[in-house]
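One letter stands for each residue in the lines below.
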Amino acid sequence: MSTAKNKNLLGTAQLMLAAFIWGSAFVAQSAGMEHNGPFTFASVRFLIGGIVLLPVIFFKDLFEKKRQAYRPVQKCSFKKLFVSGIVCGAFLFVASNLQQIGIKYTTVGKAGFITTLYVILVPVCGLLFKDRPSLNVWISVGLALVGLYMLCMSESLSISLGDGLVLLCAIVYTGHIIALGKVSPEVDPIKLSCIQFLFVGAATAIPAFIFETPDLGSIVKAWLPIAYAGVLSSGVAFTLQAVAQKHTEATIAAITMSFESVFAVLSGAVVLQQVPTLREGIGCVIMFAAIILAQLPPLKRKKTI
């Protein structure tokens, strides 16, 4: 098996782990929102996500300095790293807050389905950059959408204020995935994640103090779900995404990360005793098939004469 293929499989495994963390974090986010407003919760969460990466960066740089004596380490300018972190952070800031506000005006099922429309938006936008996905990837996109529909939708699809906000969230998340795919191979993904988290946390603190009343006591009451969302969902999962997209196509990354919905259903069944219906189970199977198909050798298109 080639080195490139091994890296692709490793990237897919990392994205699958990130999807698992994001899916299971829905329970933590729900519990944390009982004591804090959406902006306060998001601000503290992302600040924690950035802070926990600081010691990781310190020891990583220390290790690379020792290794540099016999193996040169590729470096990039701080300006390029900082600008990349701010750009990715801006996408993440807008998308995460649009989703949080939109959920107030629509159902969780519709929000989950609309958000994961980035599965099809990523390859469509990729065409603008002359990235032509293989035929089996397009088939996987269709399967993933069908699976997501069966998994998340239990009512008729209609466009409301909340639906529109979440649709905008899906579009911005698409930009975030594409931006990460472009800059991750050129910069340190851990430092990139740290910068974007600190930016999102600081930027979200502004509307938190304007529209809410952040209270230390309320934050302490929700310390466990905030810590889970900050350390694992933000610090670990988004860093895994940045690392994985160094070696994974944006379209395959989007399909794999959409499996977050499957893990959300499974974690709800285990923790909240919300047993999936037959329809949701079929949706899980279809989405798993989509991810497997995306990893197979590209299908050849028939040439027309």
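Owing to the predicted nature of the structure, the values given are computational and were not obtained by experimental measurement.

Asker: Looking at this model, I keep getting lost on the overall build of the protein chain. Mind explaining?
Answerer: Within the protein chain one finds 14 helices and 0 strands. For the protein chain, buried positions account for 49% of its 305 residues. Put simply, of all contacts in the protein chain between residues at least 6 apart along the chain, 91% involve residues at least 24 apart. A total of about 15,500 Å² of accessible surface is found on the protein chain, and carbon and sulfur atoms cover 71% of it.

Asker: Can you walk me through the packing of helix H9 (residues 189–211) against helix H11 (residues 223–244) in this structure?
Answerer: Between two packed helices, what matters for the description is the angle formed by their axes and the separation of those axes. It is at 9 Å that the axes of H9 and H11 come closest, and there the two elements cross at 130 degrees. As the angle between them shows, H9 and H11 are arranged oblique. Here H9 runs over H11; the crossing is right-handed. Contact with H9, carried on its side by Pro189, Ile190, Ser193 and Phe197, involves Ser234, Gly235, Phe238, Thr239, Ala242 and Val243 of H11 and no other residues of that element. Within the contact of H9 with H11, the residues separate by chemical class into 6 nonpolar, 4 polar and no charged.

Asker: Is there a simple way to explain the pattern of salt bridges in this structure?
Answerer: Side chains that differ in sign of charge can pair as their charged atoms come close. Going through the model one piece at a time under the given rule, you end up with 3 salt bridges. Note that glutamate 186 and lysine 80 form a salt bridge whose closest N and O atoms lie 3.0 Å from each other. Taken together, the residues glutamate 186 in the loop between helix H8 (161–183) and H9 and lysine 80 in helix H4 (residues 78–102) connect sequence positions 106 residues apart. Exposure remark for glutamate 186: the relative accessible area of 45% places this residue in the partly exposed category. Residue class for lysine 80 comes out partly exposed when judged on its relative accessible area of 37%.

Asker: So what exactly am I meant to see when it comes to the confidence of the model for the protein chain here?
Answerer: Residues shown with low pLDDT carry predicted positions that ought not to be read at fine detail. When pLDDT is averaged along the protein chain, the result is 80, and 86% of the positions lie at 70 or above. In the model of the protein chain, helix H5 (residues 108–115) stands out as the element of lowest mean pLDDT, 72, in contrast to H9, which has the highest, 93.

Asker: Could you clarify how one ought to interpret the packing of aromatic side chains in this entry?
Answerer: By the definition in use, this model includes 6 aromatic pairs. Centroid distance phenylalanine 39 to phenylalanine 211: 6.3 Å. Interplanar angle 35 degrees. Geometry classified as tilted. In this pair, phenylalanine 39 sits in helix H2 (residues 38–51) while phenylalanine 211 sits in helix H9, placing the two residues 172 residues apart along the sequence. For phenylalanine 39, a relative accessible area of 13% translates into the label buried. Pairing phenylalanine 259 with phenylalanine 263 gives two aromatic rings, centres 5.3 Å apart and planes at 75 degrees, and the pair type is edge-to-face. For the pair formed by phenylalanine 259 and phenylalanine 263, the shared burial category is buried. In this structure an aromatic cluster arises from ring pairing among Phe20, Phe259 and Phe263. For the cation-ring pair, arginine 45 lies above phenylalanine 46, with the distance from its terminal atom to the ring centre recorded as 5.0 Å.

Asker: Can you walk me through the packing of helix H6 (residues 118–126) against helix H7 (residues 135–152) in this structure?
Answerer: Closest axis-to-axis distance for the H6/H7 pair is 9 Å, and the angle between their directions is 155 degrees. In this view, H6 runs roughly antiparallel relative to H7, as classed from their interaxial angle. As H6 runs across H7, the sense of the crossing is left-handed. Residues Val119, Ile120, Pro123 and Val124 of H6 pack against Trp138, Val141, Ala144, Leu145 and Leu148 of H7. Residues that form the contact of H6 with H7 fall into these classes: 9 nonpolar, no polar and no charged.

Asker: Please clarify how the side chain of glutamine 196 should be interpreted in this entry.
Answerer: Relative to the elements of secondary structure, glutamine 196 occurs in helix H9. Residue classification places glutamine 196 among the buried residues on the basis of a relative accessible area of 0%. Filtering out sequence-adjacent residues up to four positions away, glutamine 196 remains in contact with Gly85, Cys88, Gly89, Leu92 and His176.

Asker: Whenever I open this one, the nonpolar core confuses me. Can you help?
Answerer: Generally speaking, nonpolar side chains in soluble globular proteins are found buried as a group. Counting 56 residues, the largest nonpolar core has Tyr118 and Phe259 as its most contacted members. Among the nonpolar cores identified, the runner-up in size contains 9 residues, and Val183, Val187, Leu192 and Ile195 belong to it.

Asker: Explain H9 here, please?
Answerer: Spacing of three or four residues puts side chains on the same side of an α-helix, whose turn is 3.6 residues. Spanning 23 residues, H9 covers 33 Å between terminal C-alpha atoms, matching the ideal 33 Å at 1.5 Å per step. Regarding H9, its N-cap is aspartate 188, as a side-chain oxygen of that residue lies 2.9 Å from the backbone nitrogen of isoleucine 190 further along.

Asker: How should I be thinking about the environment of glutamate 260 in this particular structure?
Answerer: The topology assignment puts glutamate 260 in helix H13 (residues 260–271). Remark: the alpha-carbon pair of glutamate 260 and phenylalanine 26, spanning 234 residues in sequence, is separated by 9.9 Å. Not counting residues up to four positions away in its chain, the partners in contact with glutamate 260 are Ala19, Trp22, Gly23, Phe26 and Tyr118.

Asker: In this structure, what is going on with the side chain of threonine 40? I would like to understand it.
Answerer: Assignment of secondary structure puts threonine 40 in helix H2. Separated by 2.7 Å, the side chains of threonine 40 and glutamate 212 make a polar contact. Every residue in contact with threonine 40, bar those within four places of it in the chain, is listed here: Ala208, Glu212, Pro214 and Ile219.

Basis of the calculations
- Every residue gets a number counted from 1 within its own chain, in the order that chain's sequence is written.
- Selection of residues for local features in this predicted model requires a pLDDT of at least 70, selection of side-chain atom pairs for listing and counting requires 80 or more, and totals for whole chains, interfaces and linings are taken over all residues.
- Side-chain calculation: all heavy atoms of the structure are included, whereas hydrogens and water are not.
- Each helix is a run of H or I in the DSSP string that is no shorter than four residues. Each strand is a run of E no shorter than two, and both are numbered from the N terminus.
- Classification of residues uses two cut-offs on accessible area relative to the type maximum, computed with a 1.4 Å probe and protein chains only: under 20% is buried, over 50% is exposed, and between them is partly exposed.
- By definition, residues are in contact when any of their heavy atoms lie within 4.5 Å.
- Computed by Shrake-Rupley with a 1.4 Å probe, the accessible areas treat only the displayed protein chains as cover when residues are assessed.
- All axes here are fitted lines through C-alpha atoms, helices being fitted over the stretch that makes contact, and every angle between N-to-C directions spans 0 to 180 degrees.
- Here is the rule for angles: anything less than 35 degrees is roughly parallel, anything more than 145 is roughly antiparallel, 65 through 115 is roughly perpendicular, and the remaining ranges are oblique.
- Two helices cross in a left-handed way if the nearer one is turned anticlockwise from the farther one by less than a right angle. They cross in a right-handed way if the turn is clockwise.
- Amino acids outside the nonpolar list (Ala, Val, Leu, Ile, Met, Phe, Trp, Tyr, Cys, Pro) and the charged list (Asp, Glu, Lys, Arg) are all regarded as polar, and Gly is one of them.
- Salt bridges are defined as contacts in which a side-chain nitrogen from Lys or Arg sits within 4 Å of a carboxyl oxygen from Asp or Glu.
- Residue-level confidence of the predictor is what pLDDT reports, using numbers from 0 through 100.
- Pairs were defined over the aromatic rings of Phe, Tyr and Trp, the Trp ring being its six-membered one, requiring ring centres within 6.5 Å. Orientation was assigned from the angle between planes: stacked under 30 degrees, edge-to-face over 60, tilted for the rest.
- Two thresholds decide whether a charge sits over a ring: the Lys NZ or Arg CZ must be within 6 Å of the ring centre and within 35 degrees of the ring normal.
- Here, nonpolar core refers to any group of buried Ala, Val, Leu, Ile, Met, Phe, Trp, Tyr and Cys residues whose side-chain atoms link them within 4.5 Å.
- Here the expected length of a helix is defined as 1.5 Å per residue gap, with one fewer gap than residues.
- Counting of polar contacts relies on pairs of N or O atoms within 3.5 Å, with two restrictions inside protein: one atom must be capable of donating a hydrogen and the other of accepting it, and residues adjacent in sequence are counted only when both atoms are side-chain atoms.

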